[in-house]
Amino acid sequence: MADGTTAAIRLDRLFHVLPAASAEEGASLTELASALETTPSRIVEDLTEVGARGYYHPGGWPDDLQIFIDGERVRVFNAGGFGRPVQVGPLETVALALGLRGTTAAAHVKDPEDRRKLLSRVEEHLAAGEPRSEAADTFEVHDVEADEGWIRQEILAAARDRHTCAIVYAKPGADDPRVRVIHPYTLVYSQGAWYTVAFCTRRGEVRVFRVDRITEACRTDQAFAIPADFRPEDFLEAGRVYHTPSGDRVRVRYSPRVARWIRERADFEGWTLDEEPGGSVVMEHHVADPLWVVSHALEYGAEAEVLEPEEYRALVREVVSGMLKD
Amino acid sequence: MSHGITKLQRWLDLVAYLANRRFPVAVEDLRENIPAYSLDPDATEKEKESSRRKFERDKDELRDLGIPIETVDYSIGSSGEQQKGYRLTRKNFHLPYLKLVNEASGGTRAGSSPSHFEIRESEVEAALGGLREIASLPGFPLASHARSAFRKLAFDLEPTVLRDSPVLFAPDAEAESTADALVILSQAVRERKTVTFHYHAMTRDAQADRSVRPFGLLFQHGHWYVVGHDERRSAIRMFRVGRMRDVQRNEAAAGTPDFTVPDDFRLEAYGGRKAWELGEDEEGPVRTTVLFRFPRALWAERNRHGELVEDMPDGSQLRAFEVRRRDPFLRWVLSLAGDATVRSPTSLRDEFRALAARVAQQHREATDG
């Protein structure tokens with residue numbers, strides 16, 4: 001199944017390739033391969049099967065089915081019953097129902113009732129077979145639900161239209177919320193949280209802002225451009241978002257009581273842990289924001305200890321001592 | 001006659017033949033015109049039966065793939081004799097042309113017909129953007145279906161309408177490593193089949209085999225969960241898919257559901273629960289208040305953490321929580337790094353201070369001993 005050679009996968013590919021290649025200008029093999037997550041040679045193999053049917057003219061195939069593969073482009077003439085894409089299938093409808101319900105993009109149609117009507121229209125006019133979208137109720141995508149996040153919508157709209165956005169940012173540990181004007185280049189979802197990677201006009205550099213700390217957001221009419229060398233992936237490391245590509249290395253010890261959770265994550269992510277006698281583990285974190293590692297360690301209560309560097313231990317002491325003065 | 005014809009070729013021939021016929025087609029007609037089903041004049045009954053079974057299998061598999069091959073009764077000639085035939089109408093098979101309509105005018109919805117479908121730009125952005133996001137969700141078991149739906153809906157649209165999404169889902173090693181299990185689980189959820197798996201319950205650090213009626217799949221905090229009826233505990237439980245091993249779906253009585261989902265079950269009710277809202281301490285739940293300093297109070301309000309009890313003149317807020325498990329709650333407040341403190345009840349406030357004191361003491365000690 002994974003190699004893309006089952007009859008079902010090949011038929012599904014041909015349902016896209018044949019209509020696309022039936023366009024007047026044909027279709028690019030590279031673009032088709034990219035859209036279908038396969039290789040150009042695999043598409044050529046699929047078309048060879050179609051060509052064989054055209055050659056033998058079994059019932060249903062037009063006598064003059066023609067396939068031209070001219071280097072990079074493919075063109076098909078007289079594809080018979082394959083000149084249009086086929087209707088949306090049952091599981092595709094389920095995916096659409098989820099996409100219309102649980103995503104940031106779904107907010108383009110703000111009213112949930114309008115989204116439901118759109119889905120009904122799609123099922124009525126575009127979908128094959130009996131309505132199946134109710135099967136989407138067996139899925140719940142909590143982190144990307146559209147209705148709670150108007151601030152995220154505002155930032156998303158600014159990012160999509162490339163307009164600057166004024167935000168109020170409640171940074172942990174700060175005395176006051178800070179007003180910033182940002183150029184939101186992209187929104188990133190990572191490990192249960194949303195971030196925007198944006199150019200901060202005050203700092204004059206690209207920064208990462210956690211969306212749940214933005215308490216107000218307002219698009220402006222001022223346009224911005226994204227630098228050609230910007231890559232959001234540069235702000236990711238092992239699926240986590242970093243505030244700057246540089247940062248400190250901080251060692252944290254986890255007690256035997258919580259070490260299994262750390263080991264579990266390390267197994268998935270390929271992190272290196274130092275196992276200690278007695279069952280505790282030590283992990284070295286790449287830290288861009290000192291308060292992040294303080295918050296992270298405190299989340300484990302007394303089961304985690306920042307070992308080094310000393311200034312990070314001192315920061316934990318300072319934060320916790322402040323709590324005891326209340 | 002059918003020797004050497006692949007399944008893909010059989011399917012292509014069958015679909016092409018049916019798609020080009022306005023009227024229903026009898027099996028005999030298919031045998032005459034589709035090489036894979038054709039028979040020699042002196043074919044035995046066994047060969048005829050084999051050909052018929054091959055066609056039945058192909059028809060059923062194509063239907064499972066969403067090709068709407070209909071079985072219809074129709075009459076032949078003037079005699080009115082009834083016969084069974086097969087039909088694939090273009091109206092049901094081919095996607096109508098998608099036509100973008102003016103956003104301001106709202107379009108003429110009544111204009112959608114079997115040959116074309118009117119859609120607004122905002123609807124295109126919601127549908128295509130939603131499909132693109134869902135397909136990007138780490139480990140999402142219907143990702144390939146979301147991508148193919150995207151390709152179909154985008155087929156007639158100008159590239160300018162298909163703007164790149166400024167949303168990126170960071171790769172997640174756990175979600176991606178569970179992709180195979182999620183495919184099994186999502187099939188089981190849809191078909192209402194019981195699943196078995198080996199599970200590591202982290203809180204108790206215990207491993208055991210489980211048998212569960214899966215009611216739904218939930219993605220939150222970057223992880224996939226199954227919510228279903230745990231037969232061992234005889235209660236609804238959540239299981240993290242990344243902690244399952246050897247996931248198996250009940251293959252017995254295929255096509256027959258093993259269970260029904262209770263009418264009052266709502267999957268969304270299990271989303272967004274915090275660690276302190278799950279399970280219960282021996283002391284029972286406690287209502288507690290937490291003081292959030294300004295500007296962290298803005299964050300608490302914006303993210304609906306607790307209920308507002310009192311707005312303070314300096315911008316801080318007192319907010320109330322219903323806590324079922326004290327330890328995770330206290331650690332969460334502690335992780336707010338001084339921006340929040342427990343105010344009541346006194347017992348919980350004392351516990352919070354004791355925890356903070358332990359952490360302070362721990363970080364005073366030398367690390368090299």
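Summary of the structure given here.

Considerations on the overall build of chain A
At step 1: Secondary structure assignment for chain A yields nine helices and 15 strands.
At step 2: Burial statistics for chain A: of 326 residues in total, 44% are counted as buried.
At step 3: Of all intrachain contacts in chain A linking residues separated by at least 6 positions in sequence, the fraction that spans at least 24 positions is 60%.

Digging into the overall build of chain B
At step 1: Secondary structure assignment for chain B yields 11 helices and 14 strands.
At step 2: At 30 Å, chain B has a C-alpha radius of gyration far larger than the 21 Å of a compact globule built from 369 residues.
At step 3: The principal-axis extents of the C-alpha atoms in chain B amount to approximately 95 × 55 × 45 Å.
At step 4: Residue burial in chain B is summarised as follows: out of 369 residues, 39% are buried.
At step 5: Considering only residue pairs separated by 6 or more positions, chain B has 54% of its internal contacts joining residues 24 or more positions apart.

Topic: the pairing of strand E6 (residues 195-201) of chain B
All names here are of chain B.
At step 1: Summarising the sheet, E6 and strand E7 (residues 206-220) pair through seven bridges and their orientation is antiparallel. Across the sheet, the residue bridging to Tyr 199 is Ala 208, located in E7.
At step 2: As defined by bridge partners, E6 adjoins strand E10 (residues 244-249) across four bridges and the pair is classed as antiparallel. Its bridge partner lying in E10, Thr 196 is registered against Gln 248.

Some points on the interface of chain B and chain A
At step 1: Chain B puts 95 residues into the contact, and the matching count from chain A is 105 residues.
At step 2: When the residues that make up the side of chain B that touches chain A are grouped by side-chain class, the tally is 48 nonpolar, 27 polar and 20 charged.
At step 3: The pairing of strand E6 (residues 178-190) of chain A with strand E5 (residues 167-169) of chain B spans three bridges and is classified as parallel. Pairing of Tyr 189 of chain A across the sheet is with Phe 169 of chain B, part of E5 of chain B.

Looking at the nonpolar core
At step 1: By size, the foremost hydrophobic cluster in this structure holds 177 residues, and its most contacted members are Ala 95 and Leu 96 of chain A together with Val 15, Leu 131, Leu 185 and Val 333 of chain B.
At step 2: Counting residues per element, this core draws most heavily on helix H1 (residues 7-19) of chain B, which supplies nine residues.

Considerations on the sheet that holds strand E11 (residues 286-292) of chain B
All names here are of chain B.
At step 1: The strand order across the open sheet built from four strands is E12-E13-E11-E14, with neighbouring strands paired in antiparallel fashion. Each edge of the open sheet is held by one strand with a lone partner, namely strand E12 (307-311) and strand E14 (340-344). In this sheet, adjacent strand axes meet at a mean angle of 35 degrees when their direction is disregarded.
At step 2: Where E11 and E14 come together, four bridges link them in antiparallel fashion. By the bridge assignment, Thr 289 is partnered in E14 with Ser 344.
At step 3: Across the face of the sheet, helix H10 (residues 326-335) comes into contact with E11, strand E13 (317-323) and E14 while running at roughly 155 degrees to E13.
At step 4: Of the strands in this sheet, E11 and E14 touch helix H11 (residues 346-364), which is tilted by about 145 degrees from E14.

Describing H11 of chain B
At step 1: Between its terminal C-alpha atoms H11 of chain B stretches 27 Å, which fits the 27 Å expected from 19 residues at 1.5 Å a residue.
At step 2: Where the residues of H11 of chain B are buried, they touch helix H8 (290-298), strand E15 (304-308) and helix H9 (310-324) of chain A together with E11, H10 and E14 of chain B.

Quick notes on the packing of H8 of chain A against H9 of chain A
All names here are of chain A.
At step 1: Between H8 and H9, the least distance of the axes is 10 Å, while the angle of their chain directions is 65 degrees. Our pair here, H8 against H9, has a crossing hand that is right-handed. Contacts between H8 and H9 involve Pro 290, Val 293, Val 294 and Ala 297 on the former and, on the latter, Tyr 312, Leu 315, Val 316 and Val 319.
At step 2: A breakdown of the residues in the contact of H8 with H9 according to their chemical character gives eight nonpolar, no polar and no charged.

What counts and what doesn't
Just so you know, the residues in each chain are numbered from 1, in the order the chain's sequence is written. Key to labels: chains lettered from A, ligands numbered from 1, both in the order written. Under the rules for a predicted model, residues below a pLDDT of 70 receive no local features and side-chain atom pairs below 80 are neither given nor counted, while totals for whole chains, interfaces and linings still include all residues. Strands are runs of DSSP state E lasting at least two residues, helices are runs of H or I lasting at least four, and both sets are numbered from the N terminus onward. In this scheme every C-beta is placed from the backbone, and a residue whose C-beta has 20 or more other C-beta atoms within 10 Å is buried, one with 12 or fewer is exposed, and one in between is partly exposed. Contact definition: two residues whose C-beta atoms, as placed from backbone geometry, lie within 7 Å. Radius of gyration here is computed from C-alpha atoms only, and the compact-globule reference equals 2.2 Å multiplied by the residue count raised to the power 0.38. In short, DSSP must find at least two bridges between two strands for them to pair. All residues other than Ala, Val, Leu, Ile, Met, Phe, Trp, Tyr, Cys, Pro, Asp, Glu, Lys and Arg, Gly among them, are scored as polar; the first ten of these are nonpolar and the last four charged. To define a nonpolar core, we join buried Ala, Val, Leu, Ile, Met, Phe, Trp, Tyr and Cys residues through C-beta atoms within 7 Å and take the resulting set. Structural elements are reduced to axes, namely lines fitted to C-alpha atoms, with helices fitted over the stretch in contact, and the angle between N-to-C directions of any two is expressed from 0 to 180 degrees. The span expected for a helix works out to 1.5 Å for each residue beyond the first. Definitions for this section: a left-handed crossing has its near helix turned counterclockwise from the far helix by less than a right angle. A right-handed crossing has that turn clockwise.

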